[in-house]
Amino acid sequence: MQLQQLRYFLAVADTCHFTRAAEAVRVAQPSLSQQIRSLERELGAELFHRTRGNIALTDAGDALLPLARRIVADTESARLAVQETVQLRRGRVRLGAPPSLCTSLVPDVLRAFRDRHPGVAMVIREGGSRDLVGLLEAGELDLALVIAPPGGEQPGVTGLLHEELVLVSAERPGRARIRVTELEGRPLVMFREGYDLREATLAACREAGFEPEFAVEGGEMDAVLGFVRAGLGPAVVPGMVAARSGLAVTPFAGPGLGRTIALAHGPGLPPTRAAEALHATLLAHLHDAARAGELPPGTRLLL
């Protein structure tokens, strides 16, 4: 049974006339009649009473009619759904990002994407870079912004920008820059274990020859900034977050602290149209911000 045969069957049932049905579906009348005969042979029953000047449905035709209408309607719905998805009038994109990027870069990118593609649903997952890569591999994300580990390129991971890490505090800084060694003996507000920024801060302090002290630890980005505002101590945070925090910002003296933000793709299947569009929106946003001088000091594009 072919879909075209069902369309021809519906045309005859609606017009009660083979010639007019053929005109309606824009096919030669002998071809339409042949397809109806073929459908009847496959079903093992006549679908129409054929008398001179009168075409009427048989009992078998009556039974087929509502099913044929449903099949053709469902097929048309499927065609429109796929077409709208391809044209980005609908669909879904799933993006993962660390909390630090969800409070800085991601909101502006999603706003730009929503302006261009209002019919595409957006799903955001926050998490550490390792967890996000795992979700990509499991097929639960389309794209993920991650913090690239040192040591060179990785398959499926493209470096986007290098971001400077800075010290934020509730009080005005006494100097333009601070050295990592000056954090020794100064209790810090520290992120929870497994947080990329925690690992970067600990690594920098240990490389400088000391173990940092904590005034309070265990928070996510919003909690850490709140603790700093309350005067519990300073914290090391990304430059893009610091620029929006309203806190006093002190950069580190050279060589400073930094991290590489990268975009990771899932393995195997090619990206969806929505994922490709979000990728393009992200790159356009970063380049526009760079041209306008809107990236925080110490943040530079890598592509």
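Residues numbered from 1 in each chain as written. Predicted model: local features only at pLDDT ≥ 70, side-chain atom pairs only at ≥ 80, totals over all residues. Heavy atoms only, no water.

**Concerning helix H2 (residues 18-25)**
Every buried residue of H2 is accounted for by Phe18, Ala21 and Ala22. Down the axis of H2, the sector holding all buried residues measures 100°, keeping them to one side. With respect to the buried face of H2, the exposed residues turned more than 90 degrees away are Glu23 and Ala24. If you follow the buried residues of H2, they end up packed against helix H1 (3-15), helix H3 (29-43), strand S1 (48-51) and strand S2 (54-57). One or two positions beyond H2, positive phi appears at Arg26, with a value near 60°. (Buried < 20%, exposed > 50% of the residue type's maximum accessible area, 1.4 Å probe, protein only. Helix = DSSP H or I, 4+ residues; strand = E, 2+ residues; numbered from the N terminus. Arc of directions from axis to C-beta. Contact = heavy atoms within 4.5 Å.)

**Section: the confidence of the model for the protein chain**
Across the protein chain, the average pLDDT comes to 89, with 97% of residues at 70 or higher. By mean pLDDT, helix H4 (residues 59-86) is the weakest element of the protein chain at 84, and strand S7 (residues 188-191) is the strongest at 95. (pLDDT = per-residue confidence, 0-100.)

**With respect to the nonpolar core**
Counting 28 residues, the largest nonpolar core has Val168, Leu183, Met221, Val237 and Phe252 as the members making the most contacts within it. Elements supplying a minimum of two residues to this core: strand S6 (157-169), S7, helix H8 (196-207), helix H9 (221-229), strand S9 (235-238) and helix H10 (239-245). The contact partners of Met221, leaving out residues within four places of it in the chain, are Pro99, Ser100, Thr103, Phe191, Tyr195, Leu197, Val237, Pro238 and Val241. Within the second largest apolar cluster, 26 residues are counted, among which are Leu110, Ile147, Leu161 and Leu286. (Core = buried A, V, L, I, M, F, W, Y, C linked by side-chain atoms within 4.5 Å.)

**Details of unusual backbone geometry**
Non-glycine residue Cys16 carries a positive phi angle of around 55°. Inspection of the secondary structure puts Cys16 in the loop between H1 and H2. Assessed through its relative accessible area of 40%, Cys16 is described here as partly exposed. Its identity is not glycine, yet Arg26 carries a phi of approximately 60°, on the positive side. Along the chain, the position of Arg26 falls in the loop between H2 and H3. The exposure class assigned to Arg26 is exposed, which follows from its relative accessible area of 79%.

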